[in-house]
Amino acid sequence: MAHRRWLVPALAILGLLTLPEAASAACSSIDTGKCTIELKTGIRMAYVETGPSDGKAVILLHGLTDTARSWSATMASLHKLDPSLRILAVDQRGHGSTSMPAGAECPKDPKSCFAPKLFAEDLAAFMESLKIPKATIAGHSMGSIVSQEMALDYPDKVERVILVATSNKTKDNSVVRDYVLNEPVLGSWKKALDAKGITSPEAIWNATPRDADPKAEEWIAKNWDVDPVADPSLVKAIVPETSHVKMGTWIGATSALLDFDNTARLANLKTPILVLWGSQDSIFYHEPDQIGIIDALRKAASANGIVAVWKQYGVDPLPASGAQETDIGHNVQWDAPDQIATDILSFIKTGKPTPDLTRAVITSAGTTIKTEPGKATIITLP
């Protein structure tokens, strides 16, 4: 049929055939810039998009204080694996280039404007605005919580859901509470803002960690956006973005997560679901977090007949230090973007991830991601 290749573009020029519209080149990757769209929720959302506009949609949601950049490597890999997919990565409310919530009550009560259900409302509005009737939703960390909310509150909009580094609940999570909110957010950063006269709710809402501490990026690089396995250039690009996230987001989103418990609600899940977890996750531990999400999804799968699969990345358990040191950790898609893309595509096409184990090997010469065919720890529920 090669001799007829001229026919398609010719018919298109004559207006007799409509070709699939490609994503805007202006925002096809994180490096070319982002598109923005006004949502009915009052949020101006920034996003990147690649692939044809009529392709099956995959939407990627970042974690707390991150941006769409968190998914950039995986997005590029997924597009390469299947160029027919329409892949979008968004900056969620109060993150990156997306606006802060505009409610007058927000500065006085930041938590009320960053509840997971509000993030889900934004995403539902985003899909409606871009005329995306249904999508596969993949979320990391906080984004995985939003993904749960989407699947539960807007099941007709969700084809399947993929949770990367997740839990059935973040209520009273000790890491989020003690090593983020209590210190430094409401500890040293808040005291530094007070000392500078930045004390009103509105002023604090709009301040950034850099306003509190000129060396905030150093703390972020050493304690928050730190990953011994990930591409150093990716982490280096993420750190300054994190330092510009406003205090209203740090306080509001973190406080809202500390109230979140989906243990009972997950029994109502009727969407195919895949969980991907790194063995050295220093925020969502194997116990209680993975035991909790597996138990909750087992009940959902048994009651509702859905596909539910849990897969582990890495083999080394979290060391006594409580920090990722030798294997894949909390930021699974930073550490193994190509493998995460492969598992996402496999789940879309077959309803299950690949059976292959992905682990990190760290030596004095550097870090290598190693894949061992057929050796992954996978739990298919119920």
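All figures in this text were calculated on a predicted structure; none of them were measured in a lab. (Residues numbered from 1 in each chain as written. Predicted model: local features only at pLDDT ≥ 70, side-chain atom pairs only at ≥ 80, totals over all residues. Heavy atoms only, no water.)

Here we come to the pairing of strand S3 (residues 57-61). Among the five residues in S3, five count as buried, and that is most of the element. The two faces of S3 match: Ala57, Ile59 and Leu61 on one face and Val58 and Leu60 on the other face are all buried. One ladder, built from five bridges, connects S3 with strand S4 (residues 86-90); its direction is parallel. Residue pairing across strands places Leu60 opposite Ala89, the latter belonging to S4. A crossover links S3 with its parallel partner S4, the connecting element being helix H2 (residues 72-81), and its sense is right-handed. Pairing of S3 with strand S5 (residues 135-140) involves five bridges; the strand directions are parallel. Across the sheet, the residue bridging to Val58 is Thr136, located in S5. (Buried < 20%, exposed > 50% of the residue type's maximum accessible area, 1.4 Å probe, protein only. Helix = DSSP H or I, 4+ residues; strand = E, 2+ residues; numbered from the N terminus. Pairing = 2+ DSSP bridges. Right-handed = clockwise from strand over helix to strand, strands pointing away.)

According to the stated counting rule, one finds two disulfides in the structure shown. Between the sulfur atoms of Cys106 and its disulfide partner Cys113 the distance amounts to 2.0 Å. Residues Cys106 and Cys113 are joined by a disulfide whose S-S torsion is about -90°; by sign, that bridge is left-handed. With relative accessibility at 4%, the residue Cys113 sits in the buried group. Cysteine pairing in the protein chain follows 1-2, 3-4, where each cysteine in a disulfide is numbered by its order in the sequence. (Disulfide = S-S within 2.5 Å.)

A separate point is helix H4 (residues 142-153). Owing to its 3.6 residues per turn, the α-helix aligns residues three or four sequence positions apart on the same side. End to end, H4 covers 16 Å across 12 residues, agreeing with the expected 16 Å (1.5 Å per residue, within 8%). Here H4 lies mainly inside the structure; 11 of its 12 residues are buried. Buried residues along H4 sit against S3, helix H3 (116-129), S5, strand S6 (158-164), helix H10 (247-257) and helix H11 (286-304). (Expected span 1.5 Å × (residues − 1). Contact = heavy atoms within 4.5 Å.)

To continue, consider the side chain of Asp91. Here Asp91 is to be found in the loop between S4 and H3. Classification of Asp91 by relative accessible area gives buried; the value is 0%. Of the polar contacts made by the side chain of Asp91, one reaches the backbone nitrogen of Ala68; its length is 2.8 Å. There is a polar contact of 2.8 Å between the side chain of Asp91 and the backbone nitrogen of Ser97. (Polar contact = N/O pair within 3.5 Å; in protein donor to acceptor, adjacent residues only side chain to side chain.)

Before going further, it helps to spend a moment on the side chain of Gln290. Here Gln290 is to be found in helix H11. Beyond its immediate chain neighbours, meaning those up to four positions away, Gln290 contacts Thr166, Val275, Trp277, Phe284, Tyr285 and Trp310.

Let us look at unusual backbone geometry. In this structure, the amide linkage connecting Glu183 to the following residue, Pro184, adopts the cis form with an omega of 20°. Here Pro184 is to be found in helix H5 (residues 174-195). Omega for the bond connecting Leu381 with Pro382 falls within 30 degrees of zero, at 10°, which places this linkage in the cis form. Relative to the helices and strands, Pro382 is located in the segment after strand S11 (378-381). One non-glycine residue, Ser141, lies in the positive phi region at around 55°. Overall, the relative accessible area of 9% leaves Ser141 in the buried class.

Just distances and angles here, no functional claims.
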